[in-house]
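Fold and contact review
Okay, here's what each chain looks like letter by letter:
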Amino acid sequence: MTSNSAGEERSGIDWDAESASFDDEPDHGLRDPAVREAWAARLRGWLPPRPSDVLDLGCGTGSLSLLASEERHRVTGVDLSPRMVDLARAKLAGRDAAFLVGDAAAPPVGEQRFDVVLVRHVLWTLPDPGRVLAHWRGLLRPGGRLVLIEGVWGTVSPVGISADRLTELLAPLAEDVRVERLSGDSLLWGREVADERYVVIAVP
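All of the points below concern the structure found in this document. Given the structure is predicted, the values throughout are model-derived calculations rather than measurements.

1. Details of the overall build of the protein
Regarding its fold elements, the protein presents nine helices and eight strands. Within the protein, the fraction of its 204 residues that count as buried is 51%. Considering only residue pairs separated by 6 or more positions, the protein has 65% of its internal contacts joining residues 24 or more positions apart.

See the structure below:
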């Protein structure tokens, strides 16, 4: 998971403390070449084919930002954890990327607008996801898109947001909403998973 203020409150996780081992998870650090290529291939399908401005919210250590940058996208990453941001800056040193410390729900980007708002495992932690989605939509240029990677994790006490719930929240905000199921692609996670994992591509 990536970090934001509400998520820290709900999960009780100190993301600064977690930053040192965050990339140990296969889908966080993308250190395994097969896992890395699986995410790279998916991102190529989700992001525009031309170089674009991508806002990566709850960017963590910048692994998805790096993949986007390698496809010539210009990346702005936001994370509440200063240590995560430091790691992301180091990971993308010399690239067309900037990283800011801030809340994913209200990113400190001023009047800047983007072609893509990319968010992985953040929305489920926020207390008013409908309001946040509306704010994120407002950060898009005309023709832009939201790329929202979410899920429902665990079986005993599951946490997350279901694809049905997310598409319901997006219905008044986007004309085109597409769900792509990710649970069956074990390469993305470095193992077999049985819970609900997906991406939603929403174009207002």
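Once the structure has been displayed, the description carries forward.
2. A short note on the packing of helix α7 (residues 129-137) against helix α8 (residues 163-170)
Running from amino to carboxyl end, α7 crosses α8 at an angle of 55°, the nearest separation of the two axes being 10 Å. For the element pair α7 / α8, the angle class is oblique. For the element pair α7 and α8, the recorded crossing hand is right-handed. Residues Pro129, Gly130 and Leu133 of α7 form the contact with α8, whose own contacting residues are Leu166, Leu169 and Leu170. Across the contact of α7 with α8, the residue classes break down as five nonpolar, one polar and no charged.

3. Notes on unusual backbone geometry
Positive phi outside glycine occurs at Arg72, with the angle close to 75°. Turning to its location among the elements, Arg72 is positioned in the loop between α5 (63-70) and β2 (74-79). Phi at His121 takes a positive value of approximately 60°, unusual for a residue other than glycine. For His121, the position within the fold is in the loop between β4 (114-120) and α7. For His121, a relative accessible area of 4% corresponds to the buried category.

4. Considering the environment of Pro158
Within the secondary structure, Pro158 sits in the loop between β5 (140-153) and β6 (159-160). A residue is classified by how much of its surface remains accessible, and Pro158, at 45% relative accessible area, is partly exposed. Sequence separation between Pro158 and Asp195 is 37 residues, and the spatial gap between their C-alpha atoms is 9.0 Å.

5. Overview of the nonpolar core
One finds Val117, Leu133, Trp136 and Leu166 to be the most contacted residues of the largest nonpolar core, which totals 31 residues. Those elements giving two or more residues to this core turn out to be β1 (53-57), β4, α7, β5, α8 and β8 (196-203). Judged by nonpolar contacts, the second largest core, of 23 residues, contains Leu43, Leu67, Ile149 and Leu188.

6. A few points about the packing of aromatic side chains
One pass over the structure, following the stated rule, counts three aromatic pairs. For the pair Trp39 and Trp46, a centre-to-centre distance of 6.3 Å together with 80° between the ring planes defines the contact as edge-to-face. The pair Trp39 / Trp46 is uniform in exposure class, with both members buried. Residue placement shows Arg120 over the ring face of Trp39; its charged tip is 4.8 Å from the ring centre.

Thresholds, definitions, all that
- Residues numbered from 1 in each chain as written.
- Predicted model: local features only at pLDDT ≥ 70, side-chain atom pairs only at ≥ 80, totals over all residues.
- Heavy atoms only, no water.
- Helix = DSSP H or I, 4+ residues; strand = E, 2+ residues; numbered from the N terminus.
- Buried < 20%, exposed > 50% of the residue type's maximum accessible area, 1.4 Å probe, protein only.
- Contact = heavy atoms within 4.5 Å.
- Axes fitted to C-alpha atoms, helices over the stretch in contact; angles between N-to-C directions.
- Parallel < 35°, antiparallel > 145°, perpendicular 65-115°, else oblique.
- Left-handed = near helix turned anticlockwise from the far one by under 90°.
- Nonpolar A, V, L, I, M, F, W, Y, C, P; charged D, E, K, R; others polar.
- Core = buried A, V, L, I, M, F, W, Y, C linked by side-chain atoms within 4.5 Å.
- Phe/Tyr/Trp six-rings, centres within 6.5 Å; stacked < 30°, edge-to-face > 60°.
- Lys NZ or Arg CZ within 6 Å of the ring centre and 35° of its normal.

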